[in-house]
Amino acid sequence: MRWMTPALALAALPAWQSAAAQGVIKIGEINSYKAQPAFLEPYKKGMELAVEQVNAAGGVAGKKLQLVVRDDNATPGDAVRAAEELYSREKIDVLTGSFLSHVGLALTDYANQKKRFFLASEPLTDKIVWANGNHYTFRLRGSTYMQTAMLVEEALKLKKKRWAIVYPNYEYGQSAVATFKKLMKEKQPDIEFVAEQAPTLGKIDAGSVVQALADAKPDAVFNVLFATDLGKFVREGNTRGLFKGREVVGLLTAEPEYLDPLKKEAPEGWTVTGYPWYSINTPEHAAFLKAYQTRFKDYPRLGTIVGYNAIQSIAAGLRKTGGDPDTEKLIAAFKGLEVATPFGRITYRAQDHQSTMGAYVGKTAYDDKLKRGVLVKYRYADGKDYQPSDEEVKKLRPAAAN
């Protein structure tokens, strides 16, 4: 038998074994950093904090985590090319990331075709775990269905009949609206949808959108806009009186990355989902908040929580495999995986690979001391309480091989 030097033996091993032999587990992460900086800059800091904490505690099975990040330019094709480059050139062990739903779906399909584990951290589309769900893909953030169901619970209490709807015209917005209509009609059959506006993401003509909604004279508005579109919509709505005397229900509206830039123009009295980092009084969140503020001299956003939880989830899965990033072992580890997070413990459902990460639901208000909009009168809606039954999931996820 021909003997090999340690260096040659290392080079002959598969990529993941080579990295593992060097005591490093490489996590490849792909996201729309240039297109969505408000969410993703804090998100990246959340990932970095989690990597530092895991490594400071000895890593996973004695191996340190290493984060390798790529931008997808908010396009599915670039995301898939980035994934290929991460595997071929960077020799990553685990893939995670994505923000926009259509990009997340492209990476979900990539994972299925290449038979590689993928943790979709942020994209909200239901298709990732249902219609397009597959053996290789898991999702961290609460889905569009889950968060919309949380808001429907509150919207029904308003007892409003005539609703107007505004949403970004791509997968996430379309999915949220379809779910809202379905769930509202089931519980309130006499509901009417009197106006619908669907501007292109990032290109809203806020004046015409607001006027069209106002002309329909709705009793309430369901808003799915976020980021710069949300800001323009709120400013025009305030100017044109759209919100005066009307209830507004908003998905994602009170996430600090979207609410804070509005400052004094922040809406008041809207029913929304968000992240009240300034007043969550739990030991888990207090420890996270202190660590984050010490490290970055800044306050966290919702993106921070998602990035942090993504890394902590991967670390938890790797601990179950003994530090082995083998795809099938990771998939087995993630089914039913429990993870400690700043929002409390979450679980990855075996039946659809969706985590039970929840969201805070409450009302918007303006805080004179903070000089920005805040979330008040809120509650934490646990994601496990807003998911379909196992039987429904089987129908929604027909092609997935679990």
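Residues numbered from 1 in each chain as written. Predicted model: local features only at pLDDT ≥ 70, side-chain atom pairs only at ≥ 80, totals over all residues. Heavy atoms only, no water.

1. Re the overall build of the chain
Counting secondary structure elements, the chain contains 14 helices and 14 strands. At 22 Å, the chain has a C-alpha radius of gyration in line with the 21 Å of a compact globule built from 402 residues. The principal-axis extent of the C-alpha atoms belonging to the chain is close to 85 × 45 × 35 Å. Intrachain contacts of the chain at a sequence separation of at least 6 include 69% that bridge at least 24 residues. (Helix = DSSP H or I, 4+ residues; strand = E, 2+ residues; numbered from the N terminus. Rg over C-alpha atoms; globule rule 2.2 N^0.38 Å. Contact = heavy atoms within 4.5 Å.)

2. Structural notes on the confidence of the model for the chain
Summing up the model confidence of the chain, the mean pLDDT is 93 and the portion of residues at 70 or higher is 94%. The low-confidence segment residues 1-18, where pLDDT is below 50, has nine contacts with residues more than four positions distant or belonging to other chains. (pLDDT = per-residue confidence, 0-100.)

3. Some points on helix α12 (residues 302-320)
Because the α-helix completes a turn every 3.6 residues, residues three or four places apart line up on one side. Its 19 residues place the ends of α12 27 Å apart at the C-alpha level, agreeing with the 27 Å of an ideal helix rising 1.5 Å per residue. A large share of α12 lies buried, amounting to 17 of its 19 residues. Taken from the residues just after α12, G322 is the one with a positive phi, measuring 75°. (Expected span 1.5 Å × (residues − 1). Buried < 20%, exposed > 50% of the residue type's maximum accessible area, 1.4 Å probe, protein only.)

4. A few points about unusual backbone geometry
Glycine aside, residues mostly have negative phi angles, and peptide bonds mostly take the trans form. For K159, which is not a glycine, the phi torsion comes out positive at approximately 55°. Tracing the sequence through the fold places K159 in the loop between α6 (144-158) and β6 (162-166). The exposure class assigned to K159 is exposed, which follows from its relative accessible area of 70%. The phi torsion at L252 lies on the positive side, around 75°, for a residue other than glycine. Looking at the secondary structure, you find L252 in strand β9 (residues 247-254). Judged by its relative accessible area of 4%, L252 is buried.

5. Some words on the packing of helix α3 (residues 37-56) against α12
With their axes 6 Å apart at the nearest point, α3 and α12 run at an angle of 35° to one another. Along this stretch, α3 crosses α12, giving a crossing that reads as right-handed. Judged by residue contacts, F39, P42, Y43, G46, M47, L49, A50, V51, Q53 and V54 of α3 engage L302, G303, T304, V306, G307, Y308, I311, Q312, A315 and R319 from α12. Classifying every residue of the contact of α3 with α12 gives 13 nonpolar, six polar and one charged. (Axes fitted to C-alpha atoms, helices over the stretch in contact; angles between N-to-C directions. Left-handed = near helix turned anticlockwise from the far one by under 90°. Nonpolar A, V, L, I, M, F, W, Y, C, P; charged D, E, K, R; others polar.)

6. Concerning the sheet that holds strand β2 (residues 64-71)
Strand order in this open sheet of five strands is β2-β1-β3-β4-β5, and the pairing throughout is parallel. Of all the strands in the sheet, just β2 and β5 (137-139) have a single pairing partner and so form its edges. Taken over all neighbouring pairs, the strand axes of this sheet differ in orientation by 25° on average, direction set aside. Bridge analysis of strand β1 (residues 24-31) against β2 gives eight bridges, and the strand direction is parallel. When the sheet's bridge partners are listed, E29 is paired in β2 with V69. Strand contacts of α3: β1, β2 and β3 (94-97), with the helix running at about 165° to β2, the strand carrying the most contacts. Helix-sheet contacts for helix α4 (residues 76-88) involve β1, β2 and β3, and the interaxial angle to β1 is about 165°. (Pairing = 2+ DSSP bridges.)

7. Concerning the environment of W277
In this structure, W277 sits in the loop between β10 (271-274) and α11 (283-296). The class for W277 is buried, based on a relative accessible area of 11%. Taking the C-alpha atoms as reference points, W277 and K63, 214 residues apart in sequence, are found 32 Å from one another. Aside from chain neighbours lying at most four places away, what touches W277 is P256, H285, L289, Q293, Y299, P300 and R372.

8. Quick notes on the nonpolar core
Formed by 127 residues in total, the largest nonpolar core has its most connected members in L65, L95, L119, W163, F233 and Y348. Considering every element that reaches this core, the biggest residue donor is α12, with 10 residues. If we ignore the near neighbours within four places in the chain, the residues touching L95 are G28, I30, A83, L86, Y87, Y110, F117, F118 and L119. (Core = buried A, V, L, I, M, F, W, Y, C linked by side-chain atoms within 4.5 Å.)

9. What to know about the packing of α4 against helix α5 (residues 101-114)
Between α4 and α5, the least distance of the axes is 8 Å, while the angle of their chain directions is 40°. When the interaxial angle is binned, α4 and α5 end up oblique. Crossing geometry of α4 relative to α5 is assigned as right-handed. Between α4, through P76, A79, V80, A83, E84 and Y87, and α5, the contact on the second element is made entirely by H102, V103, A106, L107, Y110 and K114. When grouped by side-chain class, the residues that make up the contact of α4 with α5 number nine nonpolar, one polar and two charged. (Parallel < 35°, antiparallel > 145°, perpendicular 65-115°, else oblique.)

10. Points about the pairing of β1
With seven of its eight residues buried, β1 lies for the most part within the structure. Taken together, β1, α3 and β2 constitute a β-α-β crossover, and its handedness is right-handed. In terms of strand pairing, β1 meets β3 through four bridges, oriented parallel. The residue of β3 that forms the bridge with E29 is T96. (Right-handed = clockwise from strand over helix to strand, strands pointing away.)

11. Regarding the pattern of salt bridges
As a working rule, side chains carrying opposite charge can pair if their charged atoms are close by. Enumeration over the complete set of coordinates arrives at 26 salt bridges. For the salt bridge of E265 with R235, the shortest nitrogen-to-oxygen distance reads 2.7 Å. Remark: R235 occurs in helix α9 (residues 227-240) and E265 occurs in the loop between α10 (256-259) and β10; sequence separation between them is 30 residues. A relative accessible area of 33% means that R235 is categorised as partly exposed. We note a salt bridge from K329 to D324, for which the minimum N-O separation is 2.8 Å. Accessibility expressed as a relative area gives 13% for D324, which makes it buried. Through salt bridges with shared partners, a single ionic network connects K26, R70, E85 and E90. (Salt bridge = Lys/Arg side-chain N within 4 Å of Asp/Glu carboxyl O.)

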